[in-house]
Structures are given as structure tokens and as C-alpha cells.
Amino acid sequence: MEKLVIQGGAALKGEVRISGAKNAALPVLFASLLHEGESRIANLPRLQDIRTTLALLMELGVGIQKQDDGSRSLDASRLLSNEAPYDLVRKMRASVLCLGPLLARFGEARVSLPGGCAIGARPIDLHLRGLEALGASIELEAGYVQAKAPKGGLQGGRVLFDRVTVGGTENLMMAASLATGKSTLENCAREPEICDLADALRSMGAQISGDGTSVIEIEGSESLGPMDHTVIPDRIEAGTYMAAAALTQGNVKLHGARLEHLDALISKMAQAGVEVRREGDGLRVRHHGELHAVDVETRPYPGFPTDLQAQFMVLMTRATGSSAVTETVFENRFMHVPELNRMGADITTRGRTAFIRGVPELHGAKVMATDLRASATLVIAGLAAIDTTEVLRVYHLDRGYERIEDKLTALGASVQRVPQDWKG
Ligand code: EPZ
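Residues numbered from 1 in each chain as written. Predicted model: local features only at pLDDT ≥ 70, side-chain atom pairs only at ≥ 80, totals over all residues. Heavy atoms only, no water.

Strand direction decides the pairing type here: strand S1 (residues 2–7) and strand S24 (residues 414–419), joined by six bridges, are antiparallel. Looking at S24, one finds that Val-5 is bridged to Gln-416. Summarising the sheet, S1 and strand S23 (residues 388–392) pair through four bridges and their orientation is antiparallel. When the bridges of S23 are listed, Leu-4 appears paired with Val-391. (Pairing = 2+ DSSP bridges. Helix = DSSP H or I, 4+ residues; strand = E, 2+ residues; numbered from the N terminus.)

So this is what it looks like as C-alpha cells:
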């Protein structure tokens with residue numbers, strides 16, 4: 001295992017390039033299963049979750065080659081299996097996104113239930129209900145989902161999601177693309193990653209409209225052609241660096257970041273006194289002086305993203321005044337709070353709301369990463385803290401942040417990755 005050792009106090013200055021979006025790349029990779037031939041995907045981020053997904057696709061029989069320009073070609077012409085085993089799904093719950101494509105392609109699929117994770121139970125009941133609305137029969141046995149399409153394959157239908165689900169919307173978009181007839185998906189997720197998946201599917205010939213709104217219409221196709229797609233930039237990585245620049249009183253250019261994907265964060269940061277503006281191919285974030293306390297409530301897109309809740313909270317630990325952060329999407333996404341308090345923050349949680357009183361400074365400490373975004377928040381806190389912070393179990397970070405210590409070092413931070421012994 002490894003840890004990051006951070007010497008706090010430097011204001012981040014310079015330029016950083018935002019990588020491809022993890023949460024767009026994952027469904028797009030699984031969508032390549034829908035074509036019996038070769039697809040091409042560019043701008044994949046170099047992350048553990050991408051490597052895990054490529055490994056699962058190879059297990060299913062997909063031939064994968066890296067091109068000179070860094071893009072991947074995926075050949076799904078001869079699939080060997082339609083099963084996603086537990087040992088892969090438990091490592092990365094997004095593996096359940098192979099369910100829709102395998103069911104649509106093969107007529108049946110066997111996928112391990114993902115089980116819960118640190119931030120919540122995260123069931124997939126809405127994915128399964130949706131597939132049943134397209135005619136699939138679903139059985140659960142021994143911790144696996146056994147899904148079967150009707151004889152003539154999946155049939156287009158109406159799907160109404162009880163609550164907004166990103167993965168559920170994605171699974172159903174992929175399944176409906178190869179169903180017979182028209183499907184209408186209602187109460188869909190509206191994230192930019194949903195639109196990116198729709199663009200990738202359209203590059204394969206899928207007839208999809210309404211992505212980005214809560215109603216998506218899909219005219220099923222007999223078959224789909226090769227995908228040729230470039231993944232959008234990662235708005236959550238961008239938001240993470242924006243928070244780090246603001247908290248360290250820095251001035252940073254984020255190449256590739258898209259202002260229109262970050263409206264909710266930018267508006268809250270502006271209320272806190274942080275200047276964010278479009279510049280060339282990205283955004284510039286700069287901040288000097290005090291931070292104003294601002295309340296935030298996470299919501300499905302275009303609301304404030306749950307994946308940036310922790311990063312905004314650490315900003316508020318140094319604000320003048322008190323603020324409240326409410327997490328409405330997941331049931332247990334405050335694990336960064338006790339670690340931030342050990343660094344001198346003053347946060348109390350009551351149910352789904354955290355109350356933050358601004359403090360004059362944070363102090364370095366040895367802290368434990370628990371989930372991807374909480375870990376990034378501890379890094380941000382360490383960058384702004386007095387003296388040294390050690391963030392243990394940095395493998396959580398590697399799932400979603402490409403070369404984080406290199407990118408931060410290039411911005412003037414003092415961050416080193418060193419081996420972590422069992423004592424931490
Ligand atoms: C996606 O997870 C993202 N992951 C998450 O990012 C993100 O936090 C989440 O969407 C919300 O924006 C990927 O895209 C790979 P959901 P997903 O289905 O699809 C409940 C990160 O840090 N629900 O929108 O799993 C669920 O328990 C990760 O990059 C059901 O009850 O999220 C949750 O409370 C973390 N039944 C809520 O809905 C279902 O069938 C939203 O979940 C499905 C979901």
C-alpha cells in the first residue's frame with residue numbers, strides 16, 4: 001500500500017490538464033459490447049477503474065489494443081462469456097453496466113450483485129425493474145442476477161424510474177438501443193456523462209433523443225455499427241482542482257474543463273468569493289482573501305453534484321462564518337468529516353446535514369482515506385494545512401484521479417507518494 005505525504009502551505013499556481021471523465025468512460029467502454037466488431041474510444045483516463053473495466057471486457061472475450069495516439073480499439077466480434085463474476089464486480093460496482101449490453105446482445109446475462117460500498121447500500125433494483133419493462137425476466141440466485149430476454153429479444157417499452165439513477169439510465173439506454181421497437185425512459189438522469197454515452201451510441205447508429213432531459217426516446221436498432229468516440233473531460237476532477245486552488249489562495253488554469261458542466265459548483269464558489277471564469281480551452285480559478293460561508297444541498301444534475309460535496313465542505317472549513325452541507329443522494333457520504341475534524345476543522349453532522357464552523361487554520365495529521373472523493377478532500381485539506389499531512393490507503397484515490405501527485409506538484413504543491421507499512 002502507499003500513502004501521500006503532503007507539506008501544506010503552498011498556493012497552487014500554474015496549469016493542469018483535465019483528464020477524460022471516469023464516469024463517462026465506464027459506460028462508454030461497456031457500450032462497445034453492443035457491436036459485433038471493432039470500436040475506437042479516445043481520451044480514456046489512466047485510472048484503476050478503467051484498467052478494471054478493460055480486464056472485465058477481456059474476460060468477456062473482447063480483444064483490446066492500445067493505439068499510438070493513446071486511444072483503445074475494442075473488438076467485440078467474438079464474445080466468450082456473458083457473465084460478470086463477483087470478484088470483479090465487488091472491486092468496481094460500475095461493472096453492473098455490462099448487464100444491459102450483454103442482455104441486449106446475447107439475450108441473457110449473469111452478473112453478480114455489486115453489494116454495498118462505503119457510501120451506501122447502492123442497490124440496482126431500478127436497473128432490474130427497467131429491464132423487466134423491456135420484457136426481460138430477472139432472477140436473483142446466489143448473489144447473482146440471472147437476466148433473460150424474451151425469445152424474440154428485448155422489446156421496446158416505457159420505463160419510469162422511481163428515482164433518478166445514473167447507472168440505471170445508462171443500463172437502460174444501452175439495452176433499449178438493441179430492443180425491437182421504441183422505448184421511452186422517464187425520470188432519467190441528466191448528467192453530462194449520460195449525454196456522452198448517448199453520443200457514443202449515436203456514433204454506432206443508435207437512434208436516441210432527449211438525453212440531457214428527464215425523458216429519453218430510443219428507437220431500437222436491429223444491430224449497431226462500430227463506435228468512434230472521444231470521452232468528455234472529467235468535471236469532478238476539474239471541480240476537485242478548483243476547490244484546491246481556492247483553498248490554497250491560488251491561481252490555476254484548468255485546460256479542458258467545461259464551464260457548462262460545472263454551473264452549480266461555480267455558482268456556489270462565486271457566492272463564497274472565488275473567481276471562476278472561462279479562459280481559452282478551459283477555466284481559470286483564482287482566489288485571494290477570505291471565503292464566505294455558503295450552504296449547499298446535493299441533488300441530481302444539474303443540481304450540486306454529490307461527487308463534489310466533500311470537496312466543497314473542506315472549502316467551508318476555512319470560511320468566515322457557519323455553513324450547512326446536506327447530502328440527499330447517498331446515505332453515508334460524510335466519512336471525510338471525522339478526518340477533517342482531526343485536522344482542526346469544526347464540523348458536526350446531524351442526519352444528512354453537516355454543520356461547519358469556519359476555523360482560522362487546519363493542521364496536518366495522519367488521515368485515512370475511505371472512499372474516492374473523501375480521499376481527494378483530505379488531500380485538499382493537506383495542501384492548505386499547516387505542516388505535514390499523510391493520507392493513507394491512497395489506492396482509493398487512484399481509482400478516480402490520474403497521477404494526482406504529478407499534477408499537484410506541477411502546480412507547486414509538495415506531495416510525495418511513498419510506501420505505507422501496515423502501521424500506516
Ligand atoms: C454514479 O453512480 C456515479 N458513478 C457516482 O460517482 C455518482 O456519485 C452517482 O452516479 C450519483 O451522481 C459512476 O457513474 C460510475 P445512482 P450510480 O444510480 O449510478 C440509489 C464517484 O465518486 N439507487 O445515480 O451508482 C442509490 O443507492 C462515484 O465517481 C437505488 O436505490 O448512482 C443512490 O442512493 C461515486 N436503486 C441513488 O439512487 C437503483 O437501482 C443514486 O444512485 C439505483 C440507484
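Continuing now.
Counted at 1.5 Å a residue, the expected span for helix H12 (residues 372–384) with its 13 residues is 18 Å, and the 19 Å between its end C-alpha atoms agrees. Taking burial as the measure, the 13 residues of H12 include 13 buried ones, the bulk of the element. (Expected span 1.5 Å × (residues − 1). Buried < 20%, exposed > 50% of the residue type's maximum accessible area, 1.4 Å probe, protein only.)

A word on the sheet that holds strand S10 (residues 158–160). Spatial ordering of the open sheet is given by S10-S11-S13-S12, a layout of four strands whose pairing is mixed. Pairing within the sheet leaves two strands with one partner each, and these edge strands are S10 and strand S12 (207–209). Between one strand axis and the next, the sheet turns through 15° on average, direction left out of account. Of the strand pairs in this sheet, S12 and strand S13 (residues 215–219) are connected by three bridges, and their pairing is antiparallel. If you follow Ser-209 over to S13, its bridge partner there is Glu-217. Against the sheet, helix H6 (residues 166–177) contacts S10, strand S11 (182–186), S12 and S13, and its axis sits at roughly 20° relative to S13. (Axes fitted to C-alpha atoms, helices over the stretch in contact; angles between N-to-C directions. Contact = heavy atoms within 4.5 Å.)

Taken together, 22 residues surround the ligand, and among them Asp-125, Leu-126, Thr-165, Asp-307 and Val-329 come closest. Within the contact set of the ligand, an oxygen atom lies 3.0 Å away from a side-chain nitrogen or oxygen of Lys-22. Counting only elements with at least two residues in the shell around the ligand, the list comes to helix H1 (22–31), helix H5 (125–133), H6 and H12. In terms of residue class, the shell around the ligand is built from 10 nonpolar, five polar and seven charged. (Near = heavy atom within 4 Å. Polar contact = N/O pair within 3.5 Å; in protein donor to acceptor, adjacent residues only side chain to side chain. Nonpolar A, V, L, I, M, F, W, Y, C, P; charged D, E, K, R; others polar.)

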